[in-house]
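Here is what each chain is made of, one letter per residue.
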Amino acid sequence: MKNTFGNSITLTLFGESHGEMIGAVIDGLAPGINIDKDYIASRLALRRPVGSISTPRKENDEFSLISGVFEGKTTGAPLCVIIPNENKNSGDYEKTRALARPGHADMTAHEKYHGFEDYRGGGHFSGRLTAPLVAAGAIVESALKEKGILIGTHIKRCAKISDRGFENIADDIKSLEYAPFPTLDTAAGERMQEAIIKAKESGDSVGGVLECAILGVPAGVGEPWFDGVESALARAVFGIPAVKGIEFGSGFDMSDMLGSEANDAFYAENGGIYTKTNNNGGVLGGITNGMPIIFSCAVKPTPSISKAQQTVDIFSKENASLSVFGRHDPAIVHRARAVVDAVAALVIGDLLAMRYGTDYLRGDK
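Throughout this document, residue positions are counted from 1 along each chain, in the order its sequence is written. In keeping with the model being predicted, local features are shown solely for residues with a pLDDT of at least 70 and side-chain atom pairs are shown and tallied solely at 80 or more, while totals for entire chains, interfaces and linings include all residues. With hydrogens and water set aside, each side-chain value is computed from the structure's full complement of heavy atoms.

A.B. asks: Tell me about the overall build of the protein, and name the residues and values.
C.D. replies: When helices and strands are tallied, the protein shows nine helices and 18 strands. Over its C-alpha trace the protein gives a radius of gyration of 21 Å, about what one expects of a compact globule, namely 21 Å for 365 residues. On the principal axes, the C-alpha backbone points of the protein span a range of 65 × 50 × 35 Å. In this scheme, a residue with accessible area under 20% of its type's maximum is buried, one over 50% is exposed, and one in between is partly exposed, where area comes from a 1.4 Å probe on protein chains only. Taking all 365 residues of the protein together, 51% fall into the buried category. Runs of H or I in DSSP of at least four residues are treated as helices and runs of E of at least two as strands, each being numbered from the N terminus. We compute the radius of gyration from the C-alpha atoms alone; for a globule the expected value is 2.2 Å times N to the 0.38, where N is the number of residues.

Laid out in structure tokens, this is it:
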């Protein structure tokens, strides 16, 4: 289970950044789920580099579904998606093979795998592997949409510039669906992009915070204690490269509130139970309460920067200096939103299958 998450619906990632291909296997999908290849392609497009604020490495991400699909629908067998790596400059990494890049997994991978790891482009630890993750998530995300469950993520903050929060969540999610730079306030997004370019020009990078909303999940989904909604989402989200923190609802801000401020008061309307606020992010006791699930995650600055950094030679154990040159992103937060959407879809799909049975996501139910 080292490269796998999920219980009823599981996902396994494989491949390396500069290997022949990367891919994912989804097991446990119900038969009869509609496969929309155009939708998968559109989600992959959101993960790809965007102009001067992203890496120059361009991959077409021409995916193939090599099992588990027949005549446009899932068969119920394991579904495997593969994506070739076509645009590789492995020589960029051979020159600095011995030098551990600060902020990367070079040193820890070397310690764990004793030098047998594929170090090119970060190997199996590379953000490149989020491409098949997005493709797999798109399949489940599309099925959730047919059930009225919507997922959307925006850049809550980047380079200390803040976007507005979710207001009319359904409309906000719709506005984000195909936005190449996902902010709810266009002016804030423009300032963020200017800050990214400024960091790039100085040889540096910036991070940010992504906020995800999941709308339409019924109350009663999830388990108490260790298999709750928050636990499942946190485990999967922390699998995304560069994510270093997560909070649900008002999160850490609740520590400064009074109980009377933090508690979400209930009210009944038209036979349903709702809360007046959503400080708990739609989850109580690990179980959904029917309100929108809201979580935010911190994305660290891209660790590959051209500024000189102190490091070590992992073979000689001597001190050294390193400037990382090659094709790198000055920010990855805008590309990571498609990954957060995908992970959220996979987790919610898994939790719903556990609650209502594996056929829940079938297109004809």
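A.B. asks: Which residues make up the nonpolar core, and what values do they have?
C.D. replies: What makes a nonpolar core is a set of buried Ala, Val, Leu, Ile, Met, Phe, Trp, Tyr and Cys residues whose side-chain atoms join them at distances within 4.5 Å. Among the nonpolar cores identified, the biggest contains 79 residues, and Leu 144, Ile 214, Leu 233 and Phe 295 are the most heavily contacted of them. Of all the elements, helix H9 (residues 333–356) adds the most residues to this core, at 15 residues. In what follows, residue pairs with any heavy atoms lying within 4.5 Å of each other are defined as contacts. Sequence-distant contacts of Leu 144, that is, excluding residues within four places in its chain, are made with Ile 149, Ile 151, Ala 345, Ile 348, Gly 349, Leu 352 and Leu 361.

A.B. asks: I'd like to hear about the packing of aromatic side chains, residue by residue, with values.
C.D. replies: Each pair of aromatic rings is reported with the distance of its centres and the angle of its planes. Geometry of aromatic contacts follows a simple scheme: Phe, Tyr and Trp rings, the Trp one being its six-membered ring, pair when their centres are within 6.5 Å, and the pair is stacked under 30 degrees between planes, edge-to-face over 60, tilted otherwise. All chains considered together, the criterion is met by five aromatic pairs. With 5.8 Å between their ring centres and 45° between their planes, Phe 248 and Phe 295 make a pair best called tilted. Within this pair, whereas Phe 248 is found in strand S11 (residues 243–248), its partner Phe 295 is found in strand S16 (residues 293–299), the two being separated by 47 residues in sequence. You'll find Phe 248 and Phe 295 in the same group, each marked buried. We call a charge positioned above a ring when the Lys NZ or Arg CZ atom is no farther than 6 Å from the ring centre and deviates by at most 35 degrees from the ring normal. Residue placement shows Lys 147 over the ring face of Tyr 360; its charged tip is 5.5 Å from the ring centre.

A.B. asks: Account for the environment of Pro 303, with residues named and values stated.
C.D. replies: Relative to the helices and strands, Pro 303 resides in the loop between S16 and strand S17 (309–313). The residues touching Pro 303, leaving out its near neighbours within four places in the chain, are Pro 102, Gly 103, His 104 and Gln 309.

A.B. asks: Would you mind going over helix H4 (residues 130–146) in detail, with residue names and values included?
C.D. replies: A helix is expected to span 1.5 Å multiplied by its residue count minus one. The terminal C-alpha atoms of H4 lie 24 Å apart, and with 17 residues this matches the ideal 24 Å at 1.5 Å per residue to within 8%. Extensive coverage of H4 is indicated by the burial of 15 of its 17 residues. In the segment just after H4, Gly 148 is the residue with positive phi, at about 85°.

A.B. asks: So what about the sheet that holds S11? Which residues, and what values?
C.D. replies: A pair of strands counts as paired when DSSP detects no fewer than two bridges linking them. Pairing is antiparallel across the open sheet formed by five strands, whose spatial order is S9-S8-S10-S16-S11. Edge positions in the open sheet fall to strand S9 (161–162) and S11, since each of these has one partner strand only. A fitted line through C-alpha atoms serves as each axis, taken over the contacting stretch for helices, and the angle formed by two N-to-C directions is quoted from 0 to 180°. The sheet strands contacting H9 are strand S8 (150–158), strand S10 (208–215) and S16, and the helix crosses S10 at an angle near 35°.

A.B. asks: Now, about the side chain of Glu 177: what can you tell me, with residues and values included?
C.D. replies: The topology assignment puts Glu 177 in the loop between helix H5 (169–176) and helix H6 (186–201). Classification of Glu 177 as buried rests on a relative accessible area of 18%. In contact with Glu 177, other than residues within four places in its own chain, are Tyr 39, Arg 43, Leu 46 and Lys 145.

A.B. asks: So what's going on with the packing of helix H1 (residues 37–47) against H9? Which residues, and what values?
C.D. replies: Interhelical geometry of H1 versus H9 gives an angle of 140° and a closest axis separation of 7 Å. Here H9 runs oblique to H1, going by the angle between their axes. Residues Arg 43, Leu 46 and Arg 47 of H1 lie in contact with H9, whose contacting residues are His 334, Arg 335, Arg 337, Ala 338, Val 339 and Asp 341. In this classification, the charged set is Asp, Glu, Lys and Arg, the nonpolar set is Ala, Val, Leu, Ile, Met, Phe, Trp, Tyr, Cys and Pro, and all remaining amino acids, among them Gly, are polar. Residues of the contact of H1 with H9, tallied by class, amount to three nonpolar, one polar and five charged. Between 65 and 115 degrees an angle is taken as roughly perpendicular, under 35 as roughly parallel, over 145 as roughly antiparallel, and anywhere else as oblique.

A.B. asks: Let's hear about the sheet that holds strand S7 (residues 79–84): which residues, and what values?
C.D. replies: Reading across from one edge, S1-S2-S3-S7-S4 is the order of the five strands in this open sheet, with antiparallel pairing throughout. Only two strands of the sheet have a single partner each, and these edge strands are strand S1 (4–5) and strand S4 (64–67). As paired strands, S1 and strand S2 (residues 10–15) are joined by two bridges and run antiparallel to one another. Paired with Phe 5 across the two strands is Leu 11, which belongs to S2.

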